[in-house]
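Geometric and topological summary
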Amino acid sequence: MTQTHKIVFIGEPGAGKTTCIAALSHVPPVSTDVACTDELAERKATTTVALDYGELHLGDQGRLLLYGLPGQSRFRFMFDVVREGLLGAVVLVDASSATAMEGLAETLDTYAPELGQLPCVLALNKDARAGEDLRQACLDLLRRHGLVAPAIVVDARRREDIIRMFDLLFMQLELGFDDTEAREANAWA
Amino acid sequence: MSTERPVDRPLPLVHATESPTMAALRTPRRAYRLACPNFGADEIKALRSMFSLLQHHLKQPWEIVQDAEADLLIVNLDSGPPGSLPPEVPVIGCALKPRQHPSGTLHRPLRAGELLALLTEQAGSAPVAAEVPPPSVGGLAERRFRLLAWPAGFEQWPAGWHRVLASISREARSPADIAARTGVPEAEVGRCLDKLESDGLVDVMVFHPRPDAKAPAPRQGRWSGLAARVGLLLGFPR
């Protein structure tokens, strides 16, 4: 049976989830974008109303399924769809938005318990000049939610930036999240 | 003959041979005595408060003394040489940056966990103090580090340090364990941990390894194969 693993991209509307998945997927990404009919139409023509989907084929290592989930709390139930086999999460922030921190706060309020169990990367998208203040504010917010994750500035349209996210994600998975053997090997008084 | 012992920084952890006081402790049980000769009044006050909380967790009673002969000395390494110290009494250093001092140096301000470990160990080892391994082999306790937050500017740090950060993002690990997991030399791991500790980005916990605990060996984690495959596919090295 083919192994399947999952990575999830979570963020507010317009944060760049669809762009990330389209940049990586080996199959035409499945998107549930519809035309915006609310104030979001001022920022983008369409938005995702359910989840995005793409795949990376890993040869004998199976497939890596890529999901994009909206960060708003009303979509919280969708996480259960992707929970099984989930390896890590990328939290995307629209750094160009005046409400970037509010969007991140809602995402973390919604998903902090799940994110705390996963390797996680926080990616500040859409503003290459995103300042240290914004990055530090994001790190502080992560810390207040008990989450430990690197925060990096990316352009989700650039493949090398997405590779940086994955490098950090898999570095944490490989070095920090596989502790079963260590627990067995070290007996502590 | 002078009983003064010159103390230069860095002060080594001293496991003295059994003192007359320790020998006296063997049979009639009385409280062990801790002295902190160059601590400020506020630090002594905080220590007394901590002591009252720790007493319930200690097998032997301890008390803080100022003038009486002590069974154990804790010296503040940040306040310069402590002057004359009684001979043949075990001395433990404490400092704001303990990693810049010999193994076994405690964190200052003193932390309850570290203090509990020290007092338990010291009381338990007093009758056989001469058999305790010397400081070069290891301190009284092993310090483990857990990341509280990634540094904002971590991308400017050496690549090997990123691996150190990743390795302690979920579990508290000792420098030796981190080195074994990441392949980063332990001295380099130490430098990274020093930086994290000075920036307040790590939580430090003290553990007592069992005598039969094995040293961590280089290992490949469960996800190494998958990480290598994804890295090969996308173009990041593993």
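Each chain has its residues counted from 1, running along the sequence as written. The order in which chains are written sets their letters, starting at A; the order in which ligands are written sets their numbers, starting at 1. In keeping with the model being predicted, local features are shown solely for residues with a pLDDT of at least 70 and side-chain atom pairs are shown and tallied solely at 80 or more, while totals for entire chains, interfaces and linings include all residues. Computation of side-chain values covers all heavy atoms of the structure but excludes hydrogens and water.

What follows covers the overall build of chain A. Of regular secondary structure, chain A possesses 6 helices and 8 strands. Numbering of helices and strands runs from the N terminus, with a helix taken as a DSSP run of H or I at least four residues long and a strand as a DSSP run of E at least two residues long. Along the chain direction, N to C, the helices and strands of chain A fall in the order β-α-β-β-β-β-α-β-α-β-α-β-α-α. Burial classes follow relative accessibility: with a 1.4 Å probe on protein chains only, a residue under 20% of its type's maximum area counts as buried, one over 50% as exposed, and anything between as partly exposed. Among the 189 residues that make up chain A, the fraction classed as buried is 57%. Roughly 8,200 Å² of accessible area belongs to chain A as shown, and the carbon and sulfur atoms make up 51% of that amount. Calculation of accessible area relied on Shrake-Rupley with a 1.4 Å probe; when residues are assessed, cover is drawn exclusively from the protein chains displayed.

When helices and strands are counted, chain B shows 7 helices and 7 strands. Listed N to C, the secondary structure of chain B is α-β-α-β-β-β-β-α-β-α-α-α-β-α in terms of helices and strands. A buried classification covers 47% of the 238 residues belonging to chain B. Of the accessible surface of chain B, which amounts to about 11,600 Å², a share of 54% is contributed by carbon and sulfur atoms.

Once that is clear, we can look at the packing of helix α4 (residues 159–167) of chain B against helix α5 (residues 175–182) of chain B. All names here are of chain B. Remark: α4 packs on α5, axes separated minimally by 10 Å, with the N-to-C direction vectors making an angle of 115°. Where α4 crosses over α5, the two elements pack in a sense that is right-handed. Touching Arg163, Val164 and Ser167 of α4 are Ile178, Arg181 and Thr182, all from α5. By the convention adopted, Pro, Cys, Tyr, Trp, Phe, Met, Ile, Leu, Val and Ala count as nonpolar, Lys, Arg, Asp and Glu as charged, and the other residues, Gly among them, as polar. Residues belonging to the contact of α4 with α5 are distributed by class as follows: 2 nonpolar, 2 polar and 2 charged. Each axis is a line fitted through C-alpha atoms, taken for helices only over the stretch in contact, and angles between the N-to-C directions span 0 to 180 degrees. Each crossing is labelled by how the near helix is turned from the far one, with a counterclockwise turn of less than a right angle marking it left-handed and a clockwise turn marking it right-handed. Between two residues, a contact is recorded if the distance between any of their heavy atoms is within 4.5 Å.

All right, on to the packing of aromatic side chains then. Centre distance within 6.5 Å is the pairing criterion for rings of Phe, Tyr and Trp, where only the six-membered ring of Trp is used; planes under 30 degrees apart are then read as stacked, over 60 as edge-to-face, and the remainder as tilted. All chains considered together, the criterion is met by 7 aromatic pairs over all chains. Ring geometry for Tyr32(B) and Trp62(B): centres 4.9 Å apart, planes at 25°, overall stacked. Here Tyr32(B), found in strand β1 (residues 32–35), pairs with Trp62(B), found in strand β2 (residues 62–64); they are 30 residues apart in sequence, far enough to count as distant. Look at Trp62(B) and you get buried, because its relative accessible area is 3%. One aromatic cluster is present, built from ring pairs that chain together Phe9(A), Phe166(A) and Phe170(A).

All names here are of chain B. Burial analysis of α5 places 7 of its 8 residues in the buried class, the great majority of the element. Taken together, the buried positions of α5 are occupied by Pro175, Asp177, Ile178, Ala179, Ala180, Arg181 and Thr182. The positive-phi residue at the C-terminal boundary of α5 is Gly183, with phi of around 80°.

The next thing to look at is the nonpolar core. Counting 57 residues, the largest nonpolar core has Phe9(A), Leu64(A), Met165(A), Phe166(A), Phe170(A) and Leu196(B) as the members making the most contacts within it. Beyond its immediate chain neighbours, meaning those up to four positions away, Phe9(A) contacts Lys17(A), Cys20(A), Ile21(A), Leu24(A), Leu66(A), Tyr67(A), Gly68(A), Leu69(A), Val90(A), Leu92(A), Met165(A) and Phe166(A). In this structure, Phe79(A), Cys120(A), Leu124(A) and Leu142(A) belong to the second largest nonpolar core, which totals 37 residues. Nonpolar cores are built from buried Ala, Val, Leu, Ile, Met, Phe, Trp, Tyr and Cys residues. Side-chain atoms within 4.5 Å join them into one set.

Residue and element names in this part refer to chain B. Read across the open sheet, the 5 strands follow the order β2-β1-β3-β4-β5; overall the sheet is parallel. Both outer strands of the open sheet, β2 and β5 (106–107), are each paired with one neighbouring strand and no more. Sheet analysis places strand β4 (residues 91–95) next to β5, joined by 2 bridges and oriented parallel. Opposite Cys94, over in β5, you have Leu106 as the bridge partner. The sheet contacts of helix α2 (residues 41–54) involve β1, β2 and β3 (72–76), and relative to β2 the element is tilted by about 160°. Each pair of strands is called paired provided DSSP finds at least two bridges between the two strands.

Residue and element names in this part refer to chain A. Burial of strand β6 (residues 86–94) is extensive: 9 of the 9 residues sit out of reach of the surface. Relative to β6, strand β1 (residues 4–11) runs parallel, the two sharing 6 bridges. By the bridge assignment for β6, Val8 is matched with Ala89. Sheet topology places β6 next to strand β7 (residues 120–125); 6 bridges connect them, and they run parallel. When the bridges of β7 are listed, Val93 appears paired with Leu124. When the strands point away from the viewer and the path from the first strand over the helix to the second turns clockwise, the crossover is right-handed. In this fold, the crossover linking β6 to β7 by way of helix α3 (residues 100–115) has right-handed handedness.

All names here are of chain B. Averaged over all residues, the pLDDT of chain B equals 75, while 70% of them reach at least 70. Per-residue confidence from the predictor is reported as pLDDT, a score between 0 and 100. The element-level mean pLDDT for chain B is lowest in helix α1 (residues 20–25), coming to 39, with α4 highest at 96. Counting contacts from residues 1–28, a segment whose pLDDT is below 50, to residues more than four positions away or on other chains yields 62 contacts. Within the model, pLDDT remains below 50 along residues 127–139, and this stretch shows 13 contacts once partners closer than five positions in the same chain are excluded.

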